[in-house]
Amino acid sequence: MLKENLTEVEANVQTACEKSNRDRKDVTLIAVSKTKPAAMLQEIYDAGVRDFGENKVQEICEKYDQLPHDIRWHMIGHLQRNKVRQIIDKVCMIHSVDTYRLAEEINIQAKKHNLVMPVLIEVNIAQEDTKFGVRKEDAILLAEEISHLTNVQVQGLMAVAPYVDNPEDNRKYFQEIKQLAVDIKNKNLDNVLMCKLSMGMTGDYAVAIEEGASMVRVGTAIFGARDYGKNK
Ligand SMILES: *Cc1c(COP(=O)(O)O)cnc(C)c1O
């Protein structure tokens, strides 16, 4: 059943790429597996997916031990500074950097492991109170500050668009994120690439791809609805 879901998502990704004249290889499908058991991840892994997204440190650590080590784990949730050291050598990218203090801690821990951690700056694109992320107008400053950290590399922006019934309603936000990335790129900051845009979820990933997403984070459409009640 999961395989069928994945096939359907993959077809939609392909269609969105064709519609916008994009190369399928330039879009990474991240399977967002939060709250789902390792066996379900394994099923999707066996179908060929290597990029998985999680939003909790403990869950990444547990699944990291249970699943194959060629999985690329993406930290997509709010990250507390005191937990950075637990995932620094396990994840391939941290999508949710929204303060300099967090970037600083990532830098310290990355240094200890002799690695450079790719990160994205999370932008609260619709200025929703309930969401993390910097305001659009503060993203450039944060990118500038982080550019001085030797063991952190800003590769782009991440956004969680509002929950909407009609994905077209989010098109304008995806366009804004894309434009913001272009503006920051034009500053030519050392160590800041701005080549990656992490945007689009189950409800709106096709539109996000049409507007330039390089990573889409899809959970429900692959794994089914999440049941938060059971695991608490
Ligand atoms: C849970 C989550 C997703 C996946 O959401 P779906 O609607 O299930 O696809 C994507 N991004 C972030 C940051 C998430 O927390």
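Up top is the structure.
Computed from a predicted structure; not experimentally measured.

A.B. asks: Looking at this model, I keep getting lost on the pattern of salt bridges. Mind explaining?
C.D. replies: A pair can form between side chains of opposite charge whenever their charged atoms are brought close. Within the structure shown, the criterion is met by 15 salt bridges. Put simply, Lys-63 and Glu-59 hold a salt bridge, and the shortest N to O gap is 2.8 Å. Within this pair, Lys-63 and its partner Glu-59 are both found in helix H3 (residues 57–66), separated by 4 residues, close to a single helical turn. Take Lys-63: its relative accessible area is 5%, and that puts it in the buried class.

A.B. asks: How should I be thinking about the pairing of strand E6 (residues 152–159) in this particular structure?
C.D. replies: Side-chain direction in a regular strand flips from residue to residue, so the side chains alternate between the two faces of the sheet. In terms of burial, E6 is largely enclosed, as 8 of its 8 residues are buried. Here 7 bridges tie strand E5 (residues 117–123) to E6, and the two strands are oriented parallel to one another. Within E6, the position partnered with Val-123 by the bridge is Ala-159. After leaving E5, the chain enters helix H6 (residues 139–146) and then returns to the sheet as E6, a path that is right-handed. Sheet analysis places E6 next to strand E7 (residues 192–198), joined by 4 bridges and oriented parallel. Across the sheet, residue Leu-157 finds its bridge partner in E7, namely Leu-197.

A.B. asks: I tried to follow the site of the ligand on my own but got confused; where do I start?
C.D. replies: Close contacts around the ligand come from Val-32, Lys-34, Ile-76, Val-160, Met-201, Thr-202, Arg-217, Val-218, Gly-219, Thr-220 and Arg-226, and that covers them all. Within the side chain of Thr-202, a nitrogen or oxygen atom sits 2.5 Å from an oxygen atom of the ligand. Interatomic distance of 2.8 Å between a backbone N/O atom of Gly-219 and an oxygen atom of the ligand. Protein coverage of the free-state accessible area of the ligand, which is 390 Å², stands at 88%. Its residues assigned to classes, the shell around the ligand comprises 5 nonpolar, 3 polar and 3 charged.

A.B. asks: I'm lost on helix H2 (residues 38–46) in this one. Help?
C.D. replies: Every buried residue of H2 is accounted for by Ala-38, Met-40, Leu-41, Ile-44 and Tyr-45. The buried residues of H2 all sit within an arc of 160 degrees when viewed along its axis, so they share a single face. Exposed positions of H2 whose direction lies more than 90 degrees from the buried face are Ala-39 and Asp-46. Residues of H2 that are buried in the fold lie against helix H1 (2–19), strand E1 (28–32), strand E2 (51–54), H3, strand E3 (72–75) and helix H9 (220–223). Once H2 ends, the next one or two residues include Gly-48, with phi positive near 115 degrees.

A.B. asks: Whenever I open this one, unusual backbone geometry confuses me. Can you help?
C.D. replies: If a residue is not glycine, its phi is most likely negative; likewise, a peptide bond is most likely trans. In this model, Thr-35 sits at a positive phi of 70 degrees, which is unusual for a non-glycine residue. Locating Thr-35 in the fold gives a position in the loop between E1 and H2. The phi dihedral of Asn-114 is positive, around 60 degrees, even though this residue is not glycine. Relative to the helices and strands, Asn-114 resides in the loop between helix H5 (100–112) and E5. Since its relative accessible area comes to 71%, Asn-114 is described here as exposed.

A.B. asks: Could you clarify how one ought to interpret the environment of Leu-29 in this entry?
C.D. replies: Looking at the secondary structure, you find Leu-29 in strand E1. As for Leu-29 and Asp-51, which are separated by 22 residues in sequence, their C-alpha atoms are 7.0 Å apart.

What counts and how
- Residues numbered from 1 in each chain as written.
- Predicted model: local features only at pLDDT ≥ 70, side-chain atom pairs only at ≥ 80, totals over all residues.
- Heavy atoms only, no water.
- Salt bridge = Lys/Arg side-chain N within 4 Å of Asp/Glu carboxyl O.
- Helix = DSSP H or I, 4+ residues; strand = E, 2+ residues; numbered from the N terminus.
- Buried < 20%, exposed > 50% of the residue type's maximum accessible area, 1.4 Å probe, protein only.
- Pairing = 2+ DSSP bridges.
- Right-handed = clockwise from strand over helix to strand, strands pointing away.
- Near = heavy atom within 4 Å.
- Polar contact = N/O pair within 3.5 Å; in protein donor to acceptor, adjacent residues only side chain to side chain.
- Areas by Shrake-Rupley, 256 points an atom, 1.4 Å probe, with all protein chains shown as cover.
- Nonpolar A, V, L, I, M, F, W, Y, C, P; charged D, E, K, R; others polar.
- Arc of directions from axis to C-beta.
- Contact = heavy atoms within 4.5 Å.

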